[in-house]
Amino acid sequence: MTTLPTSAPVFDASRAMALARETLDIEAAALLGLKQHVGPDFVQAVRLMLAVQGRVVVMGMGKSGHIGRKIAATLASTGTPAMFVHPGEASHGDLGMIKPVDVVLAISNSGESEELIVILPLIKRLGAPLVAMTGQAKSTLARHADLFLNSGVAKEACPLNLAPTASTTAQLALGDALAVALLDARGFKAEDFARSHPGGALGRKLLTLVSDVMRSGDQVPSVGLQAGFSELMREMSAKGLGAAAVVDAAGQVQGIFTDGDLRRLIEKGADLRSSTAEQVMHPQPATISRDALAVDAVDLMEQRRITSVLVLDAGGKLCGALNSNDLMRAKVI
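Residues numbered from 1 in each chain as written. Predicted model: local features only at pLDDT ≥ 70, side-chain atom pairs only at ≥ 80, totals over all residues. Heavy atoms only, no water.

1. Re the packing of aromatic side chains
For clarity, the cut-off: Stacked, edge-to-face and tilted are the three classes for Phe, Tyr and Trp ring pairs, Trp counted by its six-membered ring, which pair at centre distances within 6.5 Å; planes under 30 degrees apart are stacked, over 60 edge-to-face, the rest tilted. In this text, helices come from DSSP runs of H or I with a minimum length of four residues, and strands from runs of E with a minimum of two, each type numbered from the N-terminal end.
In this structure the tally under the stated criterion is one aromatic pair. Ring plane angle 80 degrees and centroid distance 6.0 Å describe the contact between Phe229 and Phe257, whose orientation is recorded as edge-to-face. One end of the pair, Phe229, is in helix H11 (residues 229-239); the other, Phe257, is in strand E8 (residues 253-258), with 28 residues separating them in the sequence.

2. Brief notes about the pairing of strand E3 (residues 103-107)
Rules: Burial status follows relative accessibility: with a 1.4 Å probe on protein chains alone, a residue under 20% of its type maximum counts as buried, one over 50% as exposed, and anything between as partly exposed. DSSP bridges decide pairing: two strands pair if at least two such bridges lie between them. Think of it like this: strands point away, you trace from the first strand over the helix to the second, and a clockwise trace means the crossover is right-handed.
Here E3 lies mainly inside the structure; five of its five residues are buried. The alternating pattern of E3 places Val103, Leu105 and Ile107 on one face and Val104 and Ala106 on the opposite face, and all of these are buried. Summarising the sheet, strand E1 (residues 56-60) and E3 pair through five bridges and their orientation is parallel. Paired with Val57 across the strands is Val104, a residue of E3. On the question of chirality, the crossover connecting E3 to the parallel strand E4 (residues 130-134) by way of helix H5 (residues 114-126) is right-handed.

3. Side note on the sheet that holds strand E10 (residues 287-289)
Threshold: In this analysis, axes come from line fits to C-alpha atoms, helices being fitted only over the stretch in contact, and the angle between any two N-to-C directions falls in the range 0 to 180 degrees.
Taken in spatial order, the three strands make up an open sheet running E10-E11-E12, and their pairing is mixed. Every other strand in the sheet has two partners, leaving E10 and strand E12 (318-323) as the edge strands with one partner each. With strand direction ignored, the average angle separating the axes of adjacent strands in the sheet is 35 degrees. Here five bridges tie strand E11 (residues 308-312) to E12, and the two strands are oriented antiparallel to one another. Counterpart to Leu310 in the pairing with E12 is Ala321.

4. Concerning the nonpolar core
Using the following cut-off: By convention a nonpolar core is built from buried Ala, Val, Leu, Ile, Met, Phe, Trp, Tyr and Cys residues, the set being connected through side-chain atoms within 4.5 Å. Any pair of residues with heavy atoms lying within 4.5 Å of one another is described as a contacting pair.
Val58, Leu75, Leu105, Met133, Leu149 and Leu178 are the most contacted members of the largest nonpolar core, which has 24 residues in total. Of all the secondary-structure elements, those providing two or more residues to this core are helix H2 (40-50), E1, helix H3 (62-77), strand E2 (82-84), E3, E4, strand E5 (147-150) and helix H7 (166-186). Leu149 has contacts with Asp41, Phe42, Ala45, Leu105, Val131, Ala132, Met133, Thr134, Leu174 and Leu178, leaving out every residue within four places of it along the chain. The next biggest cluster of nonpolar side chains, apart from the first, holds 18 residues, and it includes Val57, Leu95, Ala128 and Ala132.

5. Topic: the sheet that holds E3
Pairing in this open sheet of five strands is parallel, and the strands run E2-E1-E3-E4-E5 from one edge to the other. The open sheet has two free edges, formed respectively by E2 and E5, since each of these has just one partner strand. Looking at each pair of strands side by side, their axes are set apart by 20 degrees on average, direction ignored. Pairing analysis gives four bridges linking E4 to E5, with the strands arranged parallel.

6. Focus: unusual backbone geometry
A positive phi angle, close to 60 degrees, is found at Asn161, a residue other than glycine. Relative accessible area serves as the criterion here: at 43%, Asn161 is assigned to the partly exposed category. With a phi angle near 50 degrees, Gln284 is a residue other than glycine that sits in the positive phi range. Tracing the backbone shows Gln284 in the loop between strand E9 (282-283) and E10.

7. Describing the pattern of salt bridges
Applied cut-off: For this document, the term salt bridge refers to a Lys or Arg side-chain nitrogen within 4 Å of an Asp or Glu carboxyl oxygen.
Under the counting rule described, the total for this entry stands at seven salt bridges. Residue Arg264 is joined to Asp261 by a salt bridge in which the shortest nitrogen-to-oxygen separation is 2.8 Å. Placement of both Arg264 and Asp261 in helix H12 (residues 259-268) is noted, with a separation of three residues, approximately one turn of the helix.

Dropping the structure here:
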């Protein structure tokens, strides 16, 4: 017997758009409603996590577990040691990951997740403080916790009021609120964030030093004050920087000569054949320390509207040079 194909449901574009907008309205209202729940228990939770000697152990089942993993990752990347432990696996050995010096953040919208409830007595016996994030103040989880963070919402965005939607958004936002309060209390700075994100764009900008990207040694174009113009041009051409430093006998930078300087002198009709580097150089060039951040070199170039900068060591002597191409290759720009 041949089975006839089932006809596809009729797609209503206007209804889809209306539901999308309604979903956003419901979830926005849920987030605004959380503000009234932020009180003494929230403050105490921040105090506990700020002083934790071990880690903040985040737990949750199902969709709350997915949110818990993100909260643990956010805490860890903003200065609070944290990890996620699956409640189901905790009953089969992973509970050993939790120590008395930890703080447990248990997440459950209903507060009755069986896998969490089963291990509550064991967590209490360990002596680790328990913070509950749940939407039900009278739930088993809330009643057994040391602190209660109310993530309750009026309704889910799901038309059936079943699928976790607004409730998980609320959990995520409350977790972000904890992370932000903690990073501020720790005095956490952009540089600290970069250290935990060395592979990202921010890490490159805040951790890369001028010494990491500069040209050094024989790659640095430089001549003495009395060098002839021909020698100056050969040095510029050979090193490909588009500029050459002019230094004194002690290695101190006295000036710079660039492609732009050359064009301007030619336009003026100057006789360059008998000129020395000292006569054609531009005095007081832009310089930067080798220990400065590469992003500071970018700022200097933008402020001066230049494409090259000379690098000095701690004694003020020429030790390197870099241009905008070097910074782009290092992905600082």
